[in-house]
Structures are given as structure tokens and as C-alpha cells.
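Residue-level structure breakdown
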There are 2 protein chains.
Amino acid sequence: MTDDFKPNMNAYLPLRDVVFNTLREAILRGDLQPGERLMELQLASKLGVSRTPIREAIRMLEQEGLAVTMPRKGAEVAKMTLKAMEDVLEIRGALDEFASQLACERITEEQLVRLEARKQDFEASLKTGDVKLIAEADVNFHDVIYEATGNPKLVSLLNNLREQIYRYRVEYIKKAENHPILIKEHEAIYQSLLKRDEKEARLSIREHVENQATAVKEVIVRQE
Amino acid sequence: MTDDFKPNMNAYLPLRDVVFNTLREAILRGDLQPGERLMELQLASKLGVSRTPIREAIRMLEQEGLAVTMPRKGAEVAKMTLKAMEDVLEIRGALDEFASQLACERITEEQLVRLEARKQDFEASLKTGDVKLIAEADVNFHDVIYEATGNPKLVSLLNNLREQIYRYRVEYIKKAENHPILIKEHEAIYQSLLKRDEKEARLSIREHVENQATAVKEVIVRQE
DNA sequence: ATAATGAATATTGTATACATAATACAACAT
DNA sequence: ATGTTGTATTATGTATACAATATTCATTAT
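These figures come from a predicted structure and were not determined experimentally. (Residues numbered from 1 in each chain as written. Chains lettered and ligands numbered in written order. Predicted model: local features only at pLDDT ≥ 70, side-chain atom pairs only at ≥ 80, totals over all residues. Heavy atoms only, no water.)

Right, let's talk about the side chain of B:Glu56 for a bit. With respect to the secondary-structure elements, B:Glu56 resides in helix H3 (residues 51-63). On the basis of relative accessible area, B:Glu56 is assigned to the buried category, the value being 3%. With sequence-adjacent residues up to four places away left out, B:Glu56 is seen in contact with A:Arg55, A:Arg59 and B:Arg16. (Helix = DSSP H or I, 4+ residues; strand = E, 2+ residues; numbered from the N terminus. Buried < 20%, exposed > 50% of the residue type's maximum accessible area, 1.4 Å probe, protein only. Contact = heavy atoms within 4.5 Å.)

This is the structure we're talking about:
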């Protein structure tokens, strides 16, 4: 048999994964707000499945830091205290700098080209004013850098940290006055990678992260 | 009522957590070997519970990186490829250095005292030759540093990374010829924290981590 | 009014049942 | 022997049932 049609036999996804993705999206998008209860029966009927896959999805969200459950009381969408967010931001700062350093050593020419394209996509997205689009373009830009580390575990770790932060970052993106800053910062990051200048890359990423940190923390403070 | 007897109302632990802890321990201790299948029915009967808590515990192990499941085929204890381990070690190196730096800034006098005590406990444990005891003493030493960062999220992240590494590190600890090296390295780390010398702390931790990395990678290579 | 009490109800925890896919293996054909 | 097909068995995926705890809210006592 000239086996060249390899049907994508991975069409199958367990319901727990479907549910997990659905809930995760809902949390990140803000449809499920921090502190909101995740009631199994309610979610089950809403998603048209039984409680079993819901429960398993909740266990997964829990380890992802997106849900918190108290025995016998149930789960709720994780809400951040200021301290918890500062802790996350601290880690994220360190790892993002580290990732940029690695990227300087390892990024390919092809990836550099893509990085510039993503940078421009981001600038274009700002003009639309569509927050969801902007957030996505930003993710895409940074993903190229993450990918350039060649370390998939680091990528998923950084993605996880980003998840915990980004849902509190909408406000920052919304404000047009911040847009020029973001453009400049992305440009600086791009340039330092182009030059493969580790020191400069770390510095430009640090500034980028710190600016966001300030904004995110303000959101949390207002919320508390 | 002079409420000063606060009965530890937290005697209750869901079975999923009991199962999770049990399996986690078994994996780390090596009772469940990398690649070994985790069959629900078998585990359920062995632990005297139903499949439900087993499944939920597996979902938790999965997110912890200790188990891997393939849809419709079941879960097995995660086995490391050399590349995956290198990736983990790379992250762990970066974060451990970062933690040491933070610890230099934040460690309290009390914690410094405890660190020295743990350092001596560790040296004592080496003399017993009891691998489990040594590993524990080592964990205790480093935990003081982690704790000194004042960042619980970072602590749990580091503990998770450690988990993924330590089960491959037994051999290294076993060999008596490595013991003097470990003692020296711990001493160097302790001294740099005592002086709150961030640069030196980073360097001494880096060396410590790198030596372990070499040993761990050898174990993986032999296994493959 | 306020606090305490106790059904009624809602929600989680756990076990079990049933459906479906994966696996092992025997029987058969080549 | 090798390979193939079909069947029995095993294991997972999902739904449901039952048990136990939390919560709610009306009732009662103070």
C-alpha cells in the first residue's frame, strides 16, 4: 500500500478536553469572571454533557491556576490578589528575560523574518481598536520569541503565566495613549534580537514587562 | 464561646487528593517506573476506591507533568527523553538562579540560621548513606532558599521542576565520591547568601545545578 | 428584632453501569 | 511460516445513581 493518505485520525478529542478548552477560553475572554462559581450540573447542562467530563476539566483548570476548588464547596474561577499577581509577574519577568536571551542565541533567520511580520501585524491591529485582535497579535509577536528558544517546556510555562496575566490586561490595551509605547517597545525588542544583543534584549523585554505589570496591578487594586 | 480550640476541620480530604498524593509519591519514589501504565481499574482495586477519583487524580498528575495520557489508550508514568530533560534543566537553572538572587535580597536572619542548620543536616545525612534521607535533607536545604524568595508561586513552580528531575537523580546521590562536591557546593551557596552577594549566589547555584544536570542526563541516556 | 433550629433543597463526592474503542489471540487462508 | 480476519477481552469514555455535606430559608424561641 502506498501509504500516503494518512487520514487525520486525531479528529477524536475526549469531551474533557473540549470542556477544558471551552471553559479556559471563557475564563480568558472574561465570560466567566474571577470569583464566579463553576457549578458542575449547571455547566453540564449548558454544554450538553454529563458531570464527569466537567469535573475532569475542572481538575485541569485547577492545575493551570485558572480555577480554585474548596473541598465540598466546589470550584470557582481563580481570582488574583495583588500579592499573587505580583508573584506571577515576578516569575514571568525573569522567564521572559531568560527566553529573550535564549532567543538571541538561537533564533533563525526565518524566525527573524516572521518576527518582523508579526511586529507589523501588531501595529496594524492597533489601528483597528479591536481589543481581542490586538491581544492576539501581541501574543503572536511574543510567541515567535518563545518558539525561538527551542524549548517547548519553557514555551508552555510562559503561555501559562501569560494566561494568568492577560485577562487583567484588557484595560491597558484598550487605551490608545498606550499604543505608541507598545509599538516602540516591540520595535526595541525586535531590533535587539536582530542584533542578537542579549543584554539589550533583556533590557527591552524588562521594560516591556514592567510597564504591563504596572497596568495589571492597577486593575487588581481597583478590583479589590 | 471562647473559640480557642478550632478543631482541625480539615481532616476531610477528597479521595482524588489522597489518590493523587499516593500516586505522586509512588512515581517519585520509583515504585511506578517511567513508562509504566496507569490502569484505572487496577489502581482502583489496589487503592480500594472507584475509578472516578483515580481518573481525577490522573488528570492532576498529567498537569504536573508526571503522567501522560493518550486518548482511548490510557495514561502512563511520564518518561523523559533526553531533550525534554534538557529543557526542564534549562528552565530550572534559570529559575533557581533567580530564586537565589531574590533570596539574597529578602532572606531573614532567622532563615539564614535555618539554612545553616539544614546544611549541617545534609552533611550528617550523607554519612548515613540512606538515599531517601539524603534526598530529603537536600530538599530541605534548598527549600529554605525557595521560601526566602517570599514568592509562593515560584516555590511551587520550583518544586514541580524538582519533582521532574529528582527521580532521575538517585544514582548521583548514591555515589559517595560525589558527596564532598555536594558539601562544598552547599557551603558555597550558604556563604554567598550569608554575604547577600547576588552575583556569587547565582554562580554557586549555577555550578550546583549544572553538576546535577550532567549526572541526570547520563541516567537518561543510559535508559534510552 | 435577633438568634437558633431544623427541614427542604442544592451541590459535591463517589460508585456503578453502559457504550465504544483498543488489544490480544485464535482460526483460517494464502 | 506469514498474514488476515473475526471474536473475546480489556480498558477507557461518558452518563447516571446514590450518598453525604452545604446552603437556604422559614419557623420558633428569646
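By the definition in use, this model includes zero aromatic pairs over all chains. Across the ring face of A:Tyr166, the terminal group of A:Arg169 is positioned such that the distance to the ring centre comes to 3.7 Å. (Phe/Tyr/Trp six-rings, centres within 6.5 Å; stacked < 30°, edge-to-face > 60°. Lys NZ or Arg CZ within 6 Å of the ring centre and 35° of its normal.)

Here the focus is the sheet that holds strand E2 (residues 67-70) of chain A. Residue and element names in this part refer to chain A. The three strands are arranged E1-E3-E2 in an open sheet whose pairing can be described as antiparallel. Two strands bound the open sheet, and with one partner strand each, they are strand E1 (37-38) and E2. Across four bridges, E2 lies against strand E3 (residues 74-77) in antiparallel orientation. The residue of E3 that forms the bridge with Met70 is Gly74. On the sheet, helix H3 (residues 51-64) packs against E1, E2 and E3 and is oriented at approximately 115° with respect to E2. (Pairing = 2+ DSSP bridges. Axes fitted to C-alpha atoms, helices over the stretch in contact; angles between N-to-C directions.)

Residue placement: B:Arg59 occurs in helix H3. For B:Arg59, the contacting residues outside a window of four places in its chain are A:Arg16, A:Glu56, A:Arg59, A:Met60 and B:Thr69.

This part takes up the packing of helix H4 (residues 82-106) of chain A against helix H7 (residues 152-166) of chain A. All names here are of chain A. As a packed pair, H4 and H7 sit with axes 10 Å apart at the nearest point and diverge in direction by 140°. Our classification of the angle between H4 and H7 gives oblique. Here the hand of the crossing between H4 and H7 comes out left-handed. The segment H4 lies against H7, with Met85, Val88, Leu89, Ile91, Arg92, Leu95, Asp96, Phe98, Ala99 and Leu102 engaging Leu154, Leu157, Leu158, Leu161, Arg162, Gln164, Ile165 and Tyr166. (Parallel < 35°, antiparallel > 145°, perpendicular 65-115°, else oblique. Left-handed = near helix turned anticlockwise from the far one by under 90°.)

Around DNA strand D there are 21 residues in total, and A:Leu15, A:Ser50, A:Thr52, A:Lys73 and B:Arg51 lie nearest to it. Of all DNA strand D atoms lying within 4 Å of any protein atom, the proportion belonging to sugar or phosphate reaches 67%. A distance of 3.3 Å separates a phosphate oxygen of DNA strand D from a polar atom in the side chain of A:Arg16. For the surface near DNA strand D, the secondary structure elements donating two or more residues are helix H1 (15-29) and H3 of chain A together with strand E1 (37-38) and H3 of chain B. (Near = heavy atom within 4 Å. Polar contact = N/O pair within 3.5 Å; in protein donor to acceptor, adjacent residues only side chain to side chain.)

Here we come to the protein's contact with DNA strand C. Residues in contact with DNA strand C amount to 21 residues; listed here are only the nearest, A:Arg51, B:Leu15, B:Ser50, B:Thr52 and B:Lys73. In DNA strand C, atoms within 4 Å of the protein come from the sugar-phosphate backbone in 68% of cases. In the model, a phosphate oxygen of DNA strand C is placed 2.8 Å from a nitrogen or oxygen of the B:Leu15 main chain. Contacts to DNA strand C include B:Arg16, whose side-chain N or O atom sits 3.3 Å from a phosphate oxygen. A total of three residues in the surface near DNA strand C trace back to one element, the largest contributor, which is H3(B). Along the lines of polarity and charge, the residues of the surface near DNA strand C split into eight nonpolar, three polar and 10 charged. (Nonpolar A, V, L, I, M, F, W, Y, C, P; charged D, E, K, R; others polar.)

A separate point is the packing of H4(A) against helix H6 (residues 131-148) of chain A. Helix-helix packing: each pair is described by the crossing angle between the helix axes and the interaxial distance. Residue and element names in this part refer to chain A. Where H4 contacts H6, the two axes come as close as 7 Å, and the packing angle between them is 65°. One finds that H4 runs roughly perpendicular with respect to H6. Seen along the crossing, H4 lies across H6 with a hand that is left-handed. On H6, the residues touching Arg92, Asp96, Ala99, Ser100, Ala103 and Arg106 of H4 are Ile145, Tyr146 and Ala148.

A word on the layout of surface pockets. There is about 1600 Å³ of room inside the largest pocket. Considering the residues around the largest pocket, the lining is formed by 50 residues, among which A:Gln63, A:Asn160, B:Gln63, B:Glu64 and B:Asn160 are closest to the centre. Among the residues making up the lining of the largest pocket, the classes are represented as 21 nonpolar, 15 polar and 14 charged. (1 Å grid on protein atoms, 1.4 Å probe; cavity = no way out; pocket = protein on both sides within 12 Å on 5 of 7 lines; lining within 4 Å. Points joined across faces, edges and corners; volume = space filled by probe spheres on them.)

For the rest of this paragraph, the subject is the relation of the copies chain A and chain B. One copy of the chain maps onto the second through a rotation around an axis plus a translation along that axis. Overlaying chain A with chain B gives an RMSD of 0.0 Å, the required rotation being 180° about an axis along which the chain moves by 0.0 Å. With respect to symmetry, the two chain copies, as superposed, fit the operation of a two-fold axis. (Least-squares fit on C-alpha atoms with pLDDT ≥ 70 in both.)

The next subject is the pattern of salt bridges. Pairing between side chains of opposite charge can happen when the charged atoms of each approach one another. Residues and elements named next belong to chain A. Across all of its chains, the model carries 48 salt bridges over all chains by this definition. Of the charged contacts, one joins Glu147 and Arg114 as a salt bridge, the two residues approaching to 2.8 Å between their closest N and O atoms. Remark: Arg114 occurs in helix H5 (residues 109-128) and Glu147 occurs in helix H6; sequence separation between them is 33 residues. Given a relative accessible area of 22%, Arg114 falls into the partly exposed group. The shortest N-O distance in the salt bridge between Asp143 and Arg162 comes to 2.7 Å. Pair noted here: Asp143 is in helix H6 and Arg162 is in helix H7, with a separation of 19 residues, a long-range link. For Asp143, a relative accessible area of 25% corresponds to the partly exposed category. By relative accessible area, which is 5% here, Arg162 ends up buried. (Salt bridge = Lys/Arg side-chain N within 4 Å of Asp/Glu carboxyl O.)

Now for the environment of A:Tyr12. On the secondary structure map, A:Tyr12 appears in the segment before H1. In the structure, A:Tyr12 is positioned 150 residues away from A:Arg162 in sequence and 28 Å away in space, judged by C-alpha atoms. If we skip the residues at most four places from it in the chain, A:Tyr12 touches B:Pro71 and B:Arg72.

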